[in-house]
Amino acid sequence: MLICPQCQFENPDTNKFCQQCGTSLTHKTCPECGTSVTYSAENCHNCGAFTGTLWWAILKRPSDSPPFSFNNLESEKFSPSLNVEPLKFDSTNTSIPETAANNASPLPAPDLIPEKPINSIVTGYQTPDNQVPMLPPDTNLTGTNAVNFTALGNSGEPLSPSDSEMVAYLDSQGRYQLLEPMKLVNDSSIQVARVLDLLPLQASPLEVLLVQRQNIESNDAGSNFNHQEASTIPAIALPYLELKEQFNSAIPRVHDAWISNGTQVILLEHHPNWGYLLDLWGDDQIPQMQLLHILYDMASLWSATERFNCRQSLLLLTNLRVDEDHTLVLQQLYEDPPGKTLTLQSLGQVWQHLFRQTGRTLLGSMGQLMSDLQADTIGSIDQLRSRLDEIASELQTDLTLPSAMLPLDPDPNLEPEFEDIPEPPKTTQLHPYPGGGEGGEDAPTVVLPMQLLSLEDAGRTDVGRSRRHNEDYFGIQTQISKLENPFGRTVQAKGLYILCDGMGGHAGGEVASALAVKTLLEYFQTQWQDQLPDEDCIRKGVLHANQALFDLNQQDARSGSGRMGTTLVMVLVQDTTVAIAHVGDSRLYRISRTSGLEQLTVDHEVGQREIARGVAPEIAYTRPDAYQLTQALGPRNAQFVIPDVQFFELDEDTLLLLCSDGLSDNDLVEKNWQTHLKPLISSRNNLDRGANDLIELANQYNGHDNITAVLIRAKVRPDLEQAKFSNG
């Protein structure tokens, strides 16, 4: 089946367009120049931009099996040191970008074992006229999956090697094309390489199995789960699958996994553009508190990876990466060296190397922690977390004291010991203890005050496919200023976001929604000065808008269903504090990496009122009036309007969605948030395009009503300056 990238509909493999929404299943648009390219293309044929889908392949051979190779490609040496070129493979480009990781003194790694000429990888020729890749008849290969055919050109004549380019595939079906020779990692049975997915819209067998397992856990439908196939998942994939549930963003997603002739194969998500943690450590704009948070993440991962014997993953500087949001990411998991015991002393050596290599000064207490780790006097992960908590408190209270920034005296015995630490390859990003996780709710936590780094928004409205007039209306008003000081760059922002869904017919609904938005914007221009309005001020604003509509109804002598009205959902953001107010059934959703999708408002309708009174949902919504509103702005006076008002703090990167029921009906948000909302948390994705996609989605699956979506993306980071003034 081909999964539509737009609506996630499952299409037959032969479809060229999605039979649900009409999206092309063969071509997509180049993000750089807009040219139409095939999904299987690695690069745009017009501008050369990367357009393909890459995976990081890891193969683990049986101990008595020689490494894979194919004899027409020259073996490449892979060293998991700081000098590894992390960008896309290009045999003609031997330059390495200037980064702190590349300029650092690399940690020694054992030499890689040369590849031997034996292989079960499918190998072939890629012809200029896109014929099926095949081998010329004189090619000698061994292995059960090797193929041996003749490559033909347009004339039907065999092509010579000079007319074609050697390609190889990781699988016998020819889906995963190798972009470089397999590299043997250290003196081990592990080989790695990048592969291009030629069928990126096709769900992998592993993904199908995992979806089946999720359905079982939610629906208790165990009869549909293929336990026999699940038992064939290679052991090398299990740590990724289990740790991914605990540390969602720190562990790379496994796309596919299988066993072939005793060799275990896994494909991981691959992000070659992510930076090194060492480079982040050398950025003097990154505050000490944020680095402390990363150390705490590493301590949590150290504890979690122990039972999988892959703590080595945290000891390789080339394996420690950061994503576009400066969040810790492991590029892959590495097995612990056989016969060697890894302790917290090893982790401490990596930490001190980060400080020394980048020239960052160590706080006195941080320096003492490094000395204690080096002396191996910290015996448990709980002790380490407790010490990090103490340092966090010290940072909050002592930032203004010069003595707090005294550098640690160098320890001449540390570096030689650190250089003995062995090295492995790559992984992804971290939020400790999602939903409980390792350590549970009582696990020690570093409490970090946060600061706003960016506030972005986008709004879209559409009449829908059934209505002639659009009775939805929205308004956005923001004030954003950048602030730079010795602690780094921050943003000070005020944002007011209002969405209304009018009612009362064409002449009433359009007027009501627009008037409510206009009244509230004007109200907060005078009532919102230096501080975020309190609950009483926000309620008065909502009632002020209600009165404006009520007076107009009275003036026009409107009655019954002819009285105009509107729903309201409103968000006020000031720096990292958010206030929300709502009346009716327009909704606010919050999306974050840690908590996923959360509906923050409860619809003001009869069904929800009955549930609040103790009626079971399945009974409450059998009422014919279950979806009738119990509150709205305009039809009645202030004593019948009781807006819900809430406040919360932004403690992680967050996406907020305000929407009318044209988008939220039929659980459309709940069914599609992972594909249409979660990616928008990342600043790499365009909010305007995301809002357009939501409108298209609603028109496809709902379309019976007007549709409006307002998106707000807030990026936050630890705030040292706030900590200083609040504790000083």
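Residues numbered from 1 in each chain as written. Predicted model: local features only at pLDDT ≥ 70, side-chain atom pairs only at ≥ 80, totals over all residues. Heavy atoms only, no water.

Overview of the overall build of the protein chain
Helix and strand counts for the protein chain come out as 18 helices and 27 strands. Looking at the 728 residues of the protein chain, the share that counts as buried comes to 51%. Here the contacts in the protein chain between residues at least 6 apart in sequence split such that 70% fall between residues at least 24 apart. With an accessible surface of roughly 32,600 Å², the protein chain has 48% of that area assigned to carbon and sulfur atoms. (Helix = DSSP H or I, 4+ residues; strand = E, 2+ residues; numbered from the N terminus. Buried < 20%, exposed > 50% of the residue type's maximum accessible area, 1.4 Å probe, protein only. Contact = heavy atoms within 4.5 Å. Areas by Shrake-Rupley, 256 points an atom, 1.4 Å probe, with all protein chains shown as cover.)

Here's the deal with the packing of helix α6 (residues 288-305) against helix α7 (residues 344-358)
Following both chains from N to C, one finds α6 and α7 inclined at 155 degrees, their axes separated by 12 Å at the closest point. Between α6 and α7, the angle falls in the class roughly antiparallel. For the pair α6 and α7, the crossing hand works out as right-handed. Counted together, Gln288, Leu295, Met298, Ala299 and Trp302 of α6 and Leu344, Ser346, Leu347, Trp351 and Phe355 of α7 form the full contact between these two elements. (Axes fitted to C-alpha atoms, helices over the stretch in contact; angles between N-to-C directions. Parallel < 35°, antiparallel > 145°, perpendicular 65-115°, else oblique. Left-handed = near helix turned anticlockwise from the far one by under 90°.)

Structural notes on the pairing of strand β12 (residues 263-269)
Of all 7 residues making up β12, 7 are buried, and the element is well covered by its neighbours. Bridging between strand β5 (residues 54-60) and β12 involves 6 bridges; their strand directions are antiparallel. Residue pairing for β12: tryptophan 55 is matched across the bridge by glutamate 269. Bridge count between strand β11 (residues 254-260) and β12: 6 bridges; the pairing is antiparallel. Within the sheet, the bridge partner assigned to alanine 257 lies in β12 and is isoleucine 266. Hairpin connection, β11 to β12: the antiparallel pair is bridged by 2 residues, and asparagine 261 has positive phi, about 50 degrees. (Pairing = 2+ DSSP bridges.)

Focus: the packing of aromatic side chains
Considering all chains together, one arrives at 4 aromatic pairs under this definition. Above the plane of the ring of tyrosine 276 lies arginine 321, whose end atom (NZ or CZ) is 4.3 Å from the centre. Residue placement shows arginine 590 over the ring face of phenylalanine 648; its charged tip is 4.6 Å from the ring centre. (Phe/Tyr/Trp six-rings, centres within 6.5 Å; stacked < 30°, edge-to-face > 60°. Lys NZ or Arg CZ within 6 Å of the ring centre and 35° of its normal.)

Looking at the environment of isoleucine 538
Considering the arrangement of structural elements, one finds isoleucine 538 in helix α12 (residues 535-555). Linking isoleucine 538 and tyrosine 523, residues 15 residues apart in sequence, is a C-alpha distance of 9.7 Å. The contacts of isoleucine 538, once residues within four sequence positions are left out, are Phe524, Pro533, Met570, Leu572, Ala579, Ala581, Val645 and Phe647.

What to know about the sheet that holds strand β26 (residues 654-659)
Within the open sheet, the 5 strands sit side by side as β17-β27-β26-β23-β24. Their pairing is antiparallel. Every other strand in the sheet has two partners, leaving β17 (450-462) and β24 (596-599) as the edge strands with one partner each. Each neighbouring strand pair of the sheet contributes to a mean axis angle of 15 degrees, computed without reference to strand direction. Of the strand pairs in this sheet, strand β23 (residues 587-592) and β24 are connected by 4 bridges, and their pairing is antiparallel. Residue pairing for β24: tyrosine 589 is matched across the bridge by glutamine 599. Across the sheet, helix α16 (residues 668-676) is in contact with β23, β24 and β26; its angle to β24 comes to roughly 155 degrees. Packed on one face of the sheet, helix α17 (residues 687-701) meets β17, β26 and β27 (707-718) and runs near 145 degrees to β27.

Some remarks on helix α8 (residues 364-374)
The periodicity of an α-helix, 3.6 residues per turn, causes residues three or four positions apart to be oriented the same way. Counting buried residues along α8, 8 of its 11 residues qualify, which places the element largely inside the surrounding structure. Three or more residues of α8 are buried, namely Ser365, Met366, Gly367, Leu369, Met370, Asp372, Leu373 and Gln374. Directly beyond the C-terminal end of α8, a positive phi value near 60 degrees is found at aspartate 376.

What to know about the packing of α7 against α8
It is the contact of α7 with α8, at a shortest axis distance of 8 Å, that shows an interaxial angle of 140 degrees. Comparing the axis directions of α7 and α8 gives the class oblique. Like other packed secondary-structure pairs, α7 and α8 cross with a definite hand, here left-handed. Here Leu344, Gln345, Gly348, Gln349, Trp351, Gln352 and Phe355 of α7 come into contact with α8, specifically with Met366, Leu369, Met370, Leu373 and Gln374. Looking at the contact of α7 with α8 residue by residue, the classes come out as 7 nonpolar, 5 polar and no charged. (Nonpolar A, V, L, I, M, F, W, Y, C, P; charged D, E, K, R; others polar.)

Concerning the environment of glutamate 670
By secondary structure assignment, the location of glutamate 670 is in helix α16. Counting along the chain gives 72 residues from glutamate 670 to glutamate 598, while the straight-line C-alpha distance between them is 9.2 Å. Here the side chain of glutamate 670 touches tyrosine 589 through a polar contact of 3.0 Å, side chain to side chain. (Polar contact = N/O pair within 3.5 Å; in protein donor to acceptor, adjacent residues only side chain to side chain.)

Digging into the pairing of strand β10 (residues 190-197)
Of all 8 residues in β10, 8 are buried; the element is thus mostly enclosed. Side chains of β10 alternate between two faces, with Ile190, Val192, Arg194 and Leu196 and Gln191, Ala193, Val195 and Asp197 buried alike. The pairing of β5 with β10 spans 7 bridges and is classified as antiparallel. If you follow isoleucine 58 over to β10, its bridge partner there is valine 192. As paired strands, strand β9 (residues 183-184) and β10 are joined by 2 bridges and run antiparallel to one another.

Quick word on the side chain of serine 189
Relative to the helices and strands, serine 189 is located in the loop between β9 and β10. For serine 189, the contacting residues outside a window of four places in its chain are Leu59, Lys60 and Arg61.

Quick notes on the confidence of the model for the protein chain
Of the residues in the protein chain, 73% have a pLDDT of 70 or more, and the chain-wide mean is 77. Contacts from residues 70-164, a stretch scored under 50 in pLDDT, to residues over four places away or in other chains number 214 contacts. Contacts of residues 398-446 to residues separated by more than four positions or lying in other chains number 161 contacts, the stretch itself having pLDDT below 50. (pLDDT = per-residue confidence, 0-100.)

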